[in-house]
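Structural overview
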Amino acid sequence: IRDLTIRERKLLLLAQLLIAPRKFWILDDMFTDLNESEVIQLKNLISIRSRDGGVVILSGKKQEIIPNCYPIYLQDYCNDKIPVRKFWWQILTRK
């Protein structure tokens, strides 16, 4: 596993989520280093997970729009003492 690239490690982690599904997914900066096709596939997986009642906590360097998901932005609920403004933090739930 140490010889895998960052992109390959992320794809391996996503495969593990599909094999052993969990109610909550916590994805940290998962869109970075993925190609366009993989980003689309990941967004579809998140959308399906949310639709099926799962919750996805997503952080990243930019805001991602995920189809059929309702984002709750943690920045809206944190005061200035909590440094969440460096990244977009989203909790994605079913619409």
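Bear in mind that the values here come from a model prediction, so they are computed numbers and not experimental data.

Quick look at the overall build of the protein chain now. Looking only at helices and strands, the protein chain features two helices and four strands. From first element to last, N terminus to C terminus, the protein chain shows the α and β order α-β-α-β-β-β. The buried share of the protein chain, taken over its 95 residues, is 34%. Summarising the internal contacts of the protein chain: among those between residues at least 6 apart in sequence, 53% fall at separations of at least 24. In the structure as shown, the protein chain presents an accessible area of about 6700 Å², 58% of it carried by carbon and sulfur atoms.

What follows covers the environment of Leu17. Looking at the secondary structure, you find Leu17 in helix 1 (residues 6–19). With residues up to four places along the chain from it excluded, the contact list for Leu17 reads Trp25 and Leu27.

Here the focus is the nonpolar core. In terms of nonpolar packing, the biggest core is built from 14 residues, with Leu14, Trp25, Leu27, Phe31, Leu42 and Ile46 touching the most fellow members. Secondary-structure elements contributing two or more residues to this core are helix 1, strand 1 (24–28), helix 2 (36–51) and strand 2 (55–60). Take this core: its biggest share by element is three residues, from helix 2.

Looking now at the confidence of the model for the protein chain. Here the protein chain averages 78 in pLDDT, while 77% of its residues score no lower than 70. Within the protein chain, no element has a lower average pLDDT than strand 4 (residues 88–94), which sits at 58, and none a higher one than helix 2, at 88.

For the rest of this paragraph, the subject is the pattern of salt bridges. This structure, assessed with the given rule, holds three salt bridges. Across the pair Lys43 and Glu64 runs a salt bridge whose closest N-O atoms are separated by 3.3 Å. A residue pair is termed long-range when its members are at least 10 positions apart, and Lys43 in helix 2 and Glu64 in the loop between strand 2 and strand 3 (69–73) qualify at 21 residues. With its nearest N and O atoms 3.2 Å apart, the salt bridge here joins Arg51 to Asp52.

Procedures and definitions
Residues numbered from 1 in each chain as written. Predicted model: local features only at pLDDT ≥ 70, side-chain atom pairs only at ≥ 80, totals over all residues. Heavy atoms only, no water. Helix = DSSP H or I, 4+ residues; strand = E, 2+ residues; numbered from the N terminus. Buried < 20%, exposed > 50% of the residue type's maximum accessible area, 1.4 Å probe, protein only. Contact = heavy atoms within 4.5 Å. Areas by Shrake-Rupley, 256 points an atom, 1.4 Å probe, with all protein chains shown as cover. Core = buried A, V, L, I, M, F, W, Y, C linked by side-chain atoms within 4.5 Å. pLDDT = per-residue confidence, 0-100. Salt bridge = Lys/Arg side-chain N within 4 Å of Asp/Glu carboxyl O.

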